Every structure is written in C-alpha cells, then in structure tokens.
Amino acid sequence: MEEMLEVVEGKVDWKGRSAFKQKHGGTKSSLLALVTYGFDQMANFALAVNLTTYFNTVMHLELADAANQLTNYMGTCYILSIPMAVLADTCLGRVKTVIISGCLEFLALILLMIQAHYPKLKPPLCNIFDKQSHCETVGGGNAALLYVPLYALAIGNAGIKAALPPHGADQFDEKDPKEAMQISSFFNQLLLGSSLGIAASLTLVVWIQDNKGWDWGFGVSSAAILFGIVMFVAGLPLYRMHIISGSNAIVQVLQVYVAATRNRNLVLPEDPADLYEIERDKEAVMEEDFLPHRNICRFLDKAAIQQTPCRQVETPEASSPWKLCTVTQVENAKVILSMIPIFCCTVNMSLCFAQLQTFSIQQGLTMDTKLTPSFKIPPASLTIIPVFFLIIMAPIYDKILVPFARKFTGIPTGITPLQRVGVGLVLSIISMAVAALVEVKRKGVARDHNMLDATPVLQPLPISTFWLSFQFFIFGIADLFAYVGLLDFFYSEAPKALKSVSTCFLWSSMGMGYFLSTIIVKVVNSATKGITKNGGWLIGNNINRNHLNLFYWLLSILSFINFFIYIFATQKYNYRNHKPAISAIDDSR
C-alpha cells in the first residue's frame, strides 16, 4: 500500500519520515494553520489599539509616553520576525517555533492578567485627567512585571508571524500545478482569517477590556491563544514539515555583503563566468534554483571571486561562506538591495497607522460613544472599520476590479504591485489630512461648549465618535492596496530561496514605521517645547489642549514628500525576469 503513495520531495512528517501527498498536507492541514493564526490575532490585536489606554489610565504614563510605549512594543513584534524566521529555518523548524512562541504568548498574557487583577502590582487608582492629582507612575518591580511579559509576548508574536504563514504554504507542493494554485489561495485565506480574528479582537476583547476590566481582557486573550495552539498541535500527524537546512536565506544574503566588503580590494574578472558557482550536476536541485548573473550592483560580485593570497584559485569547500559566495547568492543579494528603496518608502504607511492606533483612540475617549441609547462602542473598536472593509472589498477587488482593470492594462493582476502600493500611499496622505480636519472640528466643539478641560469618558463632548470613522475608512482602503500590494511585491520579486521569509520584509517595514513614530513624537515635542503653553504639541494628558491637528498635518505633508520619493524609486526599479506562476500552470495542461 505504501509503495502506491506519492512522496512529497523536501518534506517530512512530524516523526521525520517521508511525507506522502495522500496522507499529509493539503487544505485540511492548512486550515489548522489559518485557525491558529486567527486566534493569535484575536489574542493580540486588541492590545495594538487599546494598550495606550492601559498605559495611560492604569499605569499612569503621560499620553505621549503611553503612545510611544505602544509603538515600541508593536515595532518589536514586527522587527523580531526576522531573527525568529532565521531561528525557525536553521534550528527549531517552523512547527516547533509556532508551538514554543504560542506557549510563550500564553505565559506572558497570564502574567499580565495577574498584574491587572491585583491592586498591589500596579499604581494606586488615580484620576490622571485632574491636574491637581499627583498620580504614581508604575515603577520598580511592578514595572518589570509589566515590561518583561509584554516583550516576551512580542517575541512570541514575532515567532508566530515568522513561522506560521510559511508553514501553511508548506502544506502544498509548489511543483504540482494544482497545489501551486492553492498556495496563492492560502495567502488570500490567511488575510481573511487574520481579518476575522482581528474583528473578534476589536469587538469582544476590547469590549471586555473596557467594561469588565483588563484582567478579564488579558484572560480572554490567553484563552484564545491557548485554544489556537491546542488546535495547531492536534494537527501534527497531518502536517508536511520542511526539512531544517541549517542555513537561512537571510543569513546567506548577509554573507554576500560581508564577503563583498572583505574582498573589496580584489579585481573583478572580465568574464562573469569566472565567478564562483556550484556545479549543477553535483547538486540535486532544479535548474530554477540557479540565478543567472546580471550586470548590476557589480561591487557585490566581489563576494564570488575565488582567490588566495598567493593569487591561486582556492578550493571552494575550504573557503568560509563569509568570504566566498555563489553567483546565485550574489544575485539574491542584488534583488534585496534593489528592493530597499521601495521598502523604505513604505515605512511611512505604518507611521500613519500608528497614529490611528494611539492618538485617534484617545480622541475617541473624549467623544460621544453612544451607538444606541443603551450601548456605547469602545473607541478602540473603531479600527474594525478598515478590517470590515478589507473583508468585504478583498473578494470584490479580486473578482471584479482586477478583471476590469486587466482589460485596459493587459496585466494579469490588473495593475502592478508597485502601482497598487502607490495608490495606498496616496490614500494614506488623504487619511492624515482628514484626521487633521476632524481634530479641528472636535477641538472646536470642545471650545464652543467650554469643555476643553472635560474629563474623557465621564464628560463626553457633544460630537459623535463616528466622526473618526472617516479617517479609519480611508486608511482601510489604503490598507487594501498598500499592504496586500507590498506582500505581493515581496513574494513575487523575491527569489525562490527567499520566498519563505518574504513576509518578514513586510513585517519589518511595519516595525520600522512604529519605531519611527516613537522618534517623530519625541522630536516634535522637543521642537515645539518653547512655542506652546503645554511645552509641546503632544505633551500632557489633556488632548483638548494639545495640537494634535498640527501633528496630523505634519504627517500628511511628510507622506506627500514620501510619495514623490516613492515615484522616483519605482521608476528606477526593474522587475525581475521571472515567469508568472499562472503561465507555468497553463503550460502544464
């Protein structure tokens, strides 16, 4: 019976034996990955939008400091996905990385729940909005109990982001035309599963945090991640697992940069064929694993020069990989280097989104949050607007807009990934401009009703919090274009060796945006310290007395400048010459 089963090349089962196509992988096992990712998003995303309120009202950090703590946490979550991807590929494997990361998240959330529950583990209750109050800020051992679990949670979250999406893609054989199509479907479903988890987090978990207490909120989050990990572990006998190679594509790219630097004084050969490449007939790899030499970024070619101090050709096997690299490695490094300008221009998107997760939520706390006479919507739940829009518009975009655009452009995807990202960047400019106009109106209402010193939540301004939905709605459209387009760009342009970690390029772009937000807030407060009564545009806990509208205008202007830099960068970028997957599928029929 076993002889009739088809072995999946390069994959094993959970016991290290050969994986069979009829027994392992496929849609059922990928569904478990989707469920796990959805529950992970449910557990974590409420913190991404509501943690500023926790830092501000419970731990008594000033508003700007609370916002910076959140953006530092979010930036860490995304940036750490790169080392976690390296760890998953070289040491632990993706499945173990997911399980260990999930358990770390669970323990961190339990510790945060304990701190939120016991009064002795946090500052005494105090009205931070009363200028006469001298509220104690979290410090000492209690601060350690807050930040250690929080950043342990960031490490766990990074591990899930780095390992779970490629593990889901591992359940399909990219050499099989039918299963290759299912890989694309899996990433679409991953976006949907993520959006559903975020929707649950922004409604259920945020409501529990605001109405039942933060201890209950952390408890529900810990239960969500526990359930997700249990579901994931239950699928162990079904999974196809990639074989740990001991090396990682990102490390190999870094080796090129190091080797090129070390060999900078060597002279390039006139014939690129003299550069080092492994002999194809000695390696059990497909022709597509090799990349041809391109006459760009020639300084990186020095990483592939074979030469000893005696000017004799050295034995490649005896050479350090940090001194001698293959042409294919060098070409991979060239691809990454050429994408860096595009990458840098997309950091601004996360910078803008960080404000919707921090200051916009604090705006909502000052406004009328009544949805009905008996029900109030938590301001943090407003971020569900772009999520719901994403859920609705994603299939409409794929099924209607793409075929329509394809008739005019002749491009299979309707518009190129870089054009799609450009549309998102334009909409982010508009979103920040709208946010500035809404803030002008909100402050005008506060001033006209003599409520500039009103206590948020307890004394809501006579203006509906749904005014904020305009900026969230526009950014939701921007999200659909920019982030999905960016993921498509990184995945389609990355060489085969880098596809499994291509999502990390997106995560790191977002992480840098959050860190940049922290820097800009500090720079703005420092630059405006002597020209405002509060000592800075964003200083203090009273957002009605701050100059948030000017900060939003500043971000809109910076986004406008960034867009023109992006146009210049895209004009210089040349798409790789690779055959689209759809063509390969058609050719196999």
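The structure this text deals with has already been given above.
Residues numbered from 1 in each chain as written. Predicted model: local features only at pLDDT ≥ 70, side-chain atom pairs only at ≥ 80, totals over all residues. Heavy atoms only, no water.

A. Focus on helix H4 (residues 94–117). Taking 1.5 Å of rise per residue, the 24 residues of H4 would be expected to cover 34 Å, and the 34 Å separating its terminal C-alpha atoms lies within 8% of that figure. Along H4, the positions that sit buried rather than exposed are Arg94, Val95, Thr97, Val98, Ser101, Gly102, Glu105, Ala108, Leu109, Leu112, Gln115 and Ala116. Its buried side turned inward, H4 meets helix H1 (27–58), helix H3 (81–92), helix H5 (140–170), helix H7 (214–234) and strand E3 (241–242). (Helix = DSSP H or I, 4+ residues; strand = E, 2+ residues; numbered from the N terminus. Expected span 1.5 Å × (residues − 1). Buried < 20%, exposed > 50% of the residue type's maximum accessible area, 1.4 Å probe, protein only. Contact = heavy atoms within 4.5 Å.)

B. The environment of Met113, seen in detail. By the element assignment, Met113 lies in helix H4. A C-alpha to C-alpha distance of 7.8 Å links Met113 and Gly217, two positions 104 residues apart in sequence. Not counting residues up to four positions away in its chain, the partners in contact with Met113 are Asp215, Phe218 and Gly219.

C. View of helix H13 (residues 469–493). The terminal C-alpha atoms of H13, which comprises 25 residues, lie 35 Å apart, in line with the 36 Å expected from a rise of 1.5 Å per residue. For H13, the buried fraction is high: 18 of the 25 residues fall into the buried class.

D. Focus on the environment of Leu196. Position of Leu196 among the secondary structure elements: in helix H6 (residues 177–211). You can call Leu196 partly exposed: its relative accessible area is 49%. Taking the C-alpha atoms as reference points, Leu196 and Phe39, 157 residues apart in sequence, are found 9.1 Å from one another.

E. A look at the state of the cysteines. With the rule as written, the count across this model stands at one disulfide. For Cys126, the disulfide goes to Cys135, at an S-S distance of 2.0 Å. Since a negative S-S torsion denotes a left-handed disulfide, the Cys126-Cys135 link at about -75 degrees is left-handed. Judged by relative accessible area, Cys126 falls into the partly exposed class, the value being 28%. (Disulfide = S-S within 2.5 Å.)

F. The packing of aromatic side chains, seen in detail. One pass over the structure, following the stated rule, counts 15 aromatic pairs. Aromatic side chains Phe353 and Phe475 sit 5.4 Å apart centroid to centroid with 15 degrees between the ring planes, which places their arrangement in the stacked category. With Phe353 in helix H9 (residues 327–357) and Phe475 in helix H13, this pair connects stretches of sequence that are 122 residues apart. Here the two residues Phe353 and Phe475 agree in accessibility, since each one is buried. With a centroid separation of 5.9 Å and an interplanar angle of 55 degrees, the aromatic rings of Trp467 and Phe470 are classed as tilted. With a relative accessible area of 34%, Trp467 lands in the partly exposed category. In this structure, Lys161 packs its charged tip against the face of Trp507, placed 5.8 Å from the ring centre. (Phe/Tyr/Trp six-rings, centres within 6.5 Å; stacked < 30°, edge-to-face > 60°. Lys NZ or Arg CZ within 6 Å of the ring centre and 35° of its normal.)

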